[in-house]
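So the chains spell out like this:
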Amino acid sequence: MNITELKVLICDDSILVRKKLTDVLKKAGITAISEAKDGVQAVDMYKEIKPDIVFMDIVMPVKTGLDALIEIREFDNNAKVVMASTIGTQSHLVSAIKAGAYEFLQKPVKEEDIQKVLNKIAEA
């Protein structure tokens, strides 16, 4: 699959983080980008649009990224969810991997790390 064909869901409670990630994805040629501001929206939107990849913050209000990851993976065991976090990274990393995260990125996320994940998804 070509990177430009990917459907992406971004879930982060920070509008600035969502905008930055959207800009990086658009620069990579991706146009099918949806946004959610918390885990509840992320789960609902995943079920509706069935994206190829989800970029998910771990620490969010209403429903955490880890809880949303678990729900998404229960709905679709093949879901590719990339978790991102700044705080308590080591413990979050272990929890995210156990819950079935596809990748784990340290915030602030670097453009080249996003590109590597996109390439990996497109080549799969």
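Here we summarise the structure given alongside this text. (Residues numbered from 1 in each chain as written. Predicted model: local features only at pLDDT ≥ 70, side-chain atom pairs only at ≥ 80, totals over all residues. Heavy atoms only, no water.)

Secondary structure summary: the protein chain contains 5 helices and 5 strands in total. Ordered by position in the sequence, the α and β elements of the protein chain form the string β-α-β-α-β-α-β-α-β-α. Taking 2.2 N^0.38 as the reference for a compact globule, 124 residues should give roughly 14 Å; the C-alpha atoms of the protein chain span a radius of gyration of 13 Å, in line with that estimate. Counting across all 124 residues of the protein chain, residues that qualify as buried make up 46%. Pairs at least 24 residues apart make up 64% of the contacts formed inside the protein chain by residues separated by at least 6 positions. (Helix = DSSP H or I, 4+ residues; strand = E, 2+ residues; numbered from the N terminus. Rg over C-alpha atoms; globule rule 2.2 N^0.38 Å. Buried < 20%, exposed > 50% of the residue type's maximum accessible area, 1.4 Å probe, protein only. Contact = heavy atoms within 4.5 Å.)

To continue, consider the packing of helix α1 (residues 15–27) against helix α5 (residues 111–123). Contact geometry for α1 and α5: axes closest at 11 Å, N-to-C directions at 55°. The orientation of α1 relative to α5 falls into the category oblique. Note that α1 runs across α5; the crossing there is right-handed. Along its contact with α1, which presents L21, V24, L25 and K27, the element α5 presents E111, I114 and L118. Of the residues in the contact of α1 with α5, the class split is 5 nonpolar, no polar and 2 charged. (Axes fitted to C-alpha atoms, helices over the stretch in contact; angles between N-to-C directions. Parallel < 35°, antiparallel > 145°, perpendicular 65-115°, else oblique. Left-handed = near helix turned anticlockwise from the far one by under 90°. Nonpolar A, V, L, I, M, F, W, Y, C, P; charged D, E, K, R; others polar.)

Now for the packing of aromatic side chains. Counting across every chain of the model gives 1 aromatic pair. Plain terms: the ring middles of Y46 and F75 are 6.2 Å apart, the flat faces sit at 85° to each other, and that makes the pair edge-to-face. With Y46 in helix α2 (residues 39–49) and F75 in helix α3 (residues 65–75), the pair connects residues that are 29 residues apart, well separated along the chain. The side chain of K120 reaches across the aromatic face of Y102, ending 4.8 Å from its centre. (Phe/Tyr/Trp six-rings, centres within 6.5 Å; stacked < 30°, edge-to-face > 60°. Lys NZ or Arg CZ within 6 Å of the ring centre and 35° of its normal.)

It is worth spelling out the pairing of strand β3 (residues 53–57) at this point. Looking along a regular strand, one sees side chains alternate from face to face of the sheet. The element β3 is largely enclosed, with a buried count of 5 among its 5 residues. Across 4 bridges, strand β1 (residues 7–11) lies against β3 in parallel orientation. Looking at β3, one finds that I10 is bridged to F55. Relative to strand β4 (residues 81–85), β3 runs parallel, the two being bridged by 4 bridges. Paired with F55 across the strands is V82, a residue of β4. Traced from β3 through α3 to β4, the parallel crossover comes out right-handed. (Pairing = 2+ DSSP bridges. Right-handed = clockwise from strand over helix to strand, strands pointing away.)

Counted according to the given criterion, the structure contains 7 salt bridges. Note that E111 and K27 form a salt bridge whose closest N and O atoms lie 3.1 Å from each other. In this pair, E111 is assigned in helix α5 and K27 in helix α1, connecting sequence segments 84 residues apart. Looking at K27, the relative accessible area reads 63%, which means it is exposed. Residues K107 and D57 are paired through a salt bridge, measuring 3.1 Å at the closest nitrogen-oxygen approach. In this pair, K107 is assigned in the loop between β5 (103–106) and α5 and D57 in strand β3, connecting sequence segments 50 residues apart. Residue K107 is classed as buried on the basis of its relative accessible area, which comes to 15%. (Salt bridge = Lys/Arg side-chain N within 4 Å of Asp/Glu carboxyl O.)

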